[in-house]
Amino acid sequence: MTTTKTLYKNCLIVGVIIFTSFWSISESVAQQDEQEIRKIREASNNALRAYDNDLVLSFLTEDVLTTTGNGTLLAGKEALRNYILAAGESKMYWIRTALEVNVNEAKGLAWETGTWKGYDPEQGEEAIIGGKYSAQWTKASGKWLIKSQLFVSLE
């Protein structure tokens, strides 16, 4: 009986160690993914500030869904490209500040939420518009890309 109890106890300890190790590794991967998404967001902001539309669009899936601050729904990267081009020589750029990034590493999905501000350098250094945003990220292609994004103008 003692041997059975000892074997059961040892199996339980090994199980706890394996679970704890797996959980730690999974949490570490999720934290790395979160940091990667935050770095991509920073690169996206820099591309917006530099008016590098091709680089901005490279952070999106081909079938991205974008809801603009005024509620216009754009389906696909090309629709967003055309929307940007229709603005002409606008000097507006937008900066997104992530407040929260949640990663589901097993599904290869992440959710980002935060605030956004729109700037027009010709009108000064202060933001002239702003609001809240959320973005769904996917890692289906092997790298994190934005699958959908929603902007709401609140300022």
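Here is a short report on the structure shown in this document. In this text the structure is predicted, and so the values were computed from the model without any measurement. (Residues numbered from 1 in each chain as written. Predicted model: local features only at pLDDT ≥ 70, side-chain atom pairs only at ≥ 80, totals over all residues. Heavy atoms only, no water.)

## Looking at the packing of aromatic side chains
And then number 1: Across all of its chains, the model carries 4 aromatic pairs by this definition.
And then number 2: Here the aromatic rings of tryptophan 116 and phenylalanine 151 are separated by 6.2 Å at their centres, their planes lie at 90 degrees, and the arrangement is edge-to-face. With tryptophan 116 in strand β4 (residues 109-119) and phenylalanine 151 in strand β6 (residues 145-153), the pair connects residues that are 35 residues apart, well separated along the chain. In terms of burial, tryptophan 116 and phenylalanine 151 fall into one category: buried.
And then number 3: Each residue in the set Tyr51, Tyr93 and Tyr119 is aromatic and connected to the rest through ring pairs, giving one cluster.
And then number 4: Just above the ring of tyrosine 51 sits the side chain of lysine 91; from NZ or CZ to the centre is 5.5 Å. (Phe/Tyr/Trp six-rings, centres within 6.5 Å; stacked < 30°, edge-to-face > 60°. Helix = DSSP H or I, 4+ residues; strand = E, 2+ residues; numbered from the N terminus. Buried < 20%, exposed > 50% of the residue type's maximum accessible area, 1.4 Å probe, protein only. Lys NZ or Arg CZ within 6 Å of the ring centre and 35° of its normal.)

## With respect to the environment of aspartate 120
And then number 1: Looking at the secondary structure, you find aspartate 120 in the loop between β4 and β5 (129-138).
And then number 2: Counting along the chain gives 27 residues from aspartate 120 to tyrosine 93, while the straight-line C-alpha distance between them is 6.7 Å.

## A short note on a nonpolar patch on the surface
And then number 1: A contiguous nonpolar patch, built from Leu150, Val152 and Leu154 and spanning about 260 Å² of accessible area, is present on the exposed surface.
And then number 2: Along the chain, leucine 150 turns up in strand β6. (Patch = residues over 30% accessible without salt bridge, like charges linked within 9 Å, V, L, I, M, F, W, Y side chains within 5 Å. Areas by Shrake-Rupley, 256 points an atom, 1.4 Å probe, with all protein chains shown as cover. Salt bridge = Lys/Arg side-chain N within 4 Å of Asp/Glu carboxyl O.)

## A look at the pattern of salt bridges
And then number 1: This structure, assessed with the given rule, holds 8 salt bridges.
And then number 2: A salt bridge links glutamate 34 to arginine 38; the nearest nitrogen and oxygen atoms lie 3.0 Å apart. Residue glutamate 34 and its partner arginine 38 are located together in helix α1 (residues 2-49), separated by 4 residues, close to a single helical turn.
And then number 3: A salt bridge links aspartate 54 to arginine 81; the nearest nitrogen and oxygen atoms lie 2.9 Å apart. Pair noted here: aspartate 54 is in helix α2 (residues 53-57) and arginine 81 is in helix α3 (residues 77-86), with a separation of 27 residues, a long-range link.
And then number 4: Bridged by salt links that share partners, the residues Asp54, Glu78 and Arg81 form one connected network.

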